[in-house]
Amino acid sequence: MPTFEDEIRRIMADETARLRAAPDLVERIMRSRTKRRRARFAALAASVTVVAAAPIGYLTVGSVATPGPQPTASATLEPPAIDDTPPIPSDPPSFGDLGDGRAFGRVEVGYLPKRLKWSNWSVNFGDRYTTSYNFDGDKNGFYCVAIYMYEDDAVQEIDDRIRRYRDDGEGEEVTVGDRSGYLVVQFVGEDGMKGTPTLFLRMGDKQWAEIMFSPVYVKEFSGRQAVEAELKKIAEGLTSTG
Amino acid sequence: MSDAEHDFGAFVAARATSLLRVAYLACGDETEAEDLLQTALERTYKNWDRVRHDSPEPYVRRVIVNAAISRARRRAILRIIPMHRPPETAARAADADLRHVLMQALRALPPRQRAAVVLRYWEDLSETQTAEVLGCTVGTVKSQTSKALAKLRSALGREPVEGVIGNAHVRG
């Protein structure tokens, strides 16, 4: 009789049997690398070139398309290769290059634990935005600390979540300097580990920060108290610039 | 074409489909699996001079699995995709539905548990090798795999059999 593990193996084999890597995968990877090199070259060129006049037909942010001659193919991008696959859904809007990542949106980060670098990753939805920090600055890597900001109407979500934690008897009220906050261990899709230690910090009537430690990063510390102390130090160092 | 490009092309031709399947099982979505694979191979190509002399496949696999976990966790944090839990009640599925039920249950697993199952039972990595890929201890691999199997067993309506399947035994 096959074991349960064997049954899983068989089902996974059946499920993936139809999958085949695209035959042009190598070409796509090479092309992607070339495109990035070209983009870097173009960015460099743009940084040292003064553009005298924008070509007719280009749209700027906030402008309205008007009838008129369309830019010719030679004036725009090269035509896409015929074997290009449909585009993958685009990433959410980000802040772009944040340098050391200590200032983003309307907040500045005054303190980060040792060895942490900006992860080169951020998301900006306007009234809620976030970035994270890890050891190697790799945007595809694990995060160690994430800071999620909520502003204006979005702060309602934090009010609701803290109320639920309070009602469930989870977490505790804390004071960080002259600001109030709420300390709790959340479960945000992690994997049976011990949860995500989080400090919600009230930075103003219309601005809250949610500071999270990855459950993996937590293991760098000696225990719960050490983690909470670091969360509070990060919270103390957060200043509103809005 | 340079020697490095030729070697890289040969590696992709030989291993891309196998790696795509790992990516699919790790993330549960075909389009995202293709993106994960391409991203991982781009990174590999960038470091090919360094990677080619070792075995490149474990490197690519590690990038795929960790990127899948990282993306899933970010989505959870961003509340773009709510985390689902496997069905609470066991339901024995007809054989024709088993794949669907298993894949649903696999997708519903927390990302590291899912990765542990894929690495252990699809890639047939040892617990030590799985721990190396996931950057955790062997003990964590054991516990994650055990919890994952318990959930999959529940989803598939399989009752645990005491003593028969050692590391799938439900603790607590």
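Definitions and limits used
Residues numbered from 1 in each chain as written. Chains lettered and ligands numbered in written order. Predicted model: local features only at pLDDT ≥ 70, side-chain atom pairs only at ≥ 80, totals over all residues. Helix = DSSP H or I, 4+ residues; strand = E, 2+ residues; numbered from the N terminus. Buried ≥ 20, exposed ≤ 12 C-beta atoms within 10 Å, placed from the backbone. Contact = placed C-beta atoms within 7 Å. Nonpolar A, V, L, I, M, F, W, Y, C, P; charged D, E, K, R; others polar. Core = buried A, V, L, I, M, F, W, Y, C linked by C-beta atoms within 7 Å. Expected span 1.5 Å × (residues − 1). Pairing = 2+ DSSP bridges. Axes fitted to C-alpha atoms, helices over the stretch in contact; angles between N-to-C directions. Left-handed = near helix turned anticlockwise from the far one by under 90°. pLDDT = per-residue confidence, 0-100.

Before going further, it helps to spend a moment on the overall build of chain A. Each helix and strand in chain A was counted, giving 5 helices and 10 strands. Here chain A holds 242 residues, and the buried ones make up 29% of them. Counting only contacts in chain A whose residues sit at least 6 apart along the sequence, the fraction spanning at least 24 positions is 44%.

Turning to the overall build of chain B, a few remarks are in order. Within chain B, the secondary structure is distributed over 8 helices and 0 strands. Walking chain B from its N terminus toward its C terminus, one meets helices and strands in the order α-α-α-α-α-α-α-α. In chain B, which comprises 172 residues, the proportion classed as buried is 43%. Within chain B, residue pairs in contact and separated by at least 24 positions form 59% of the contacts whose partners lie at least 6 positions apart.

Turning our attention to the interface of chain B and chain A. By convention, interface size is frequently given as the accessible area that disappears when the constituent parts associate. Taken residue by residue, the interface counts 41 residues in chain B and 30 residues in chain A. Elements with a contribution of two residues or more to the side of chain B that touches chain A: α1 (3–27), α2 (30–46), α4 (56–78), α5 (95–108), α6 (111–122) and α8 (138–155) of chain B. It is α1(B) that provides the largest number of residues to the side of chain B that touches chain A, a total of 8 residues. Residues belonging to the side of chain B that touches chain A are distributed by class as follows: 25 nonpolar, 7 polar and 9 charged.

Now for the nonpolar core. Ranked by internal contacts, the top residues of the largest apolar core, which has 54 residues, are Ala23(B), Ala26(B), Leu36(B), Leu37(B), Ile64(B), Ala68(B) and Ala115(B). Counting residues per element, this core draws most heavily on α1(B), which supplies 12 residues. Contact partners of Ala68(B), with chain neighbours within four places excluded, come to Ala23(B), Ala26(B), Cys27(B), Leu36(B), Pro111(B) and Ala115(B). In this structure, Val107(A), Phe200(A), Phe213(A) and Tyr217(A) belong to the second largest nonpolar core, which totals 38 residues.

Let us now look at α8(B). Residues and elements named next belong to chain B. Taking 1.5 Å per residue as the helical rise, α8 with its 18 residues ought to reach 26 Å, and the 26 Å between its terminal C-alpha atoms agrees with that figure. Within the span of α8, buried status applies to Thr140, Val141, Gln144, Thr145, Ser146, Lys147, Ala148, Leu149, Lys151, Leu152, Arg153 and Ala155. Note on α8: the residue one or two positions beyond its end, glycine 157, has a positive phi of about 75°.

All names here are of chain B. Relative to the helices and strands, alanine 131 resides in helix α7 (residues 127–134). With 20 C-beta atoms counted inside 10 Å, the residue alanine 131 sits in the buried group. The spacing of alanine 131 and lysine 142 is 11 residues in sequence and 9.2 Å in space, taken between C-alpha atoms. If we skip the residues at most four places from it in the chain, alanine 131 touches Cys136, Thr137, Val138, Thr140 and Val141.

Strand pairing in a sheet takes place through backbone hydrogen bonds and is either antiparallel or parallel in direction. Residues and elements named next belong to chain A. With antiparallel pairing, 7 strands are arranged side by side in an open sheet as β3-β4-β5-β9-β8-β7-β6. Among the strands making up the open sheet, the edge pair consists of β3 (117–124) and β6 (172–176). Taken over all neighbouring pairs, the strand axes of this sheet differ in orientation by 20° on average, direction set aside. Here 6 bridges tie strand β4 (residues 128–134) to strand β5 (residues 145–151), and the two strands are oriented antiparallel to one another. Among the inter-strand pairings, threonine 131 is bridged to a residue of β5, identified as isoleucine 147. Contacting β5, β6, β7 (179–186), β8 (196–204) and β9 (207–213), helix α5 (residues 224–237) crosses the sheet at an angle of about 25° to β8.

Turning our attention to the sheet that holds strand β1 (residues 103–104) of chain A. One open sheet holds the 3 strands; their spatial order is β1-β2-β10 (chain A), and the pairing between them is antiparallel. The open sheet terminates on both sides in strands that have one partner only, identified here as β1 and β10 (238–240) of chain A.

Right, let's get into the packing of α1(B) against α6(B). All names here are of chain B. Axis separation between α1 and α6 bottoms out at 8 Å; the angle between their running directions is 145°. Considering the relative orientation of α1 and α6, their crossing is right-handed. Each of Val22, Leu25 and Ala26 in α1 lies in contact with α6, whose residues at this interface are Arg114, Ala115, Val118 and Trp122. Within the contact of α1 with α6, the residues separate by chemical class into 6 nonpolar, no polar and 1 charged.

A separate point is the pairing of β7(A). Residues and elements named next belong to chain A. As judged from the 5 bridges shared by β6 and β7, these two strands associate in the antiparallel manner. The partner of glutamate 173 across the bridge, within β7, is tyrosine 182. Once β6 ends, the chain turns through 2 residues before running back antiparallel as β7, passing glycine 177 with a positive phi of about 60°. Judged from the 6 bridges that link them, β7 and β8 form a sheet pairing that is antiparallel.

Turning to the confidence of the model for chain B, a few remarks are in order. Residue and element names in this part refer to chain B. Per-residue confidence for chain B gives a mean pLDDT of 77, with 79% of residues at or over 70. Predicted confidence is poor over residues 80–93, with pLDDT under 50, and the contacts of this stretch with residues over four places away or in other chains come to 20 contacts. Within the model, pLDDT remains below 50 along residues 161–172, and this stretch shows 18 contacts once partners closer than five positions in the same chain are excluded. Reported for the predicted complex are a pTM of 0.52 and an ipTM of 0.76.

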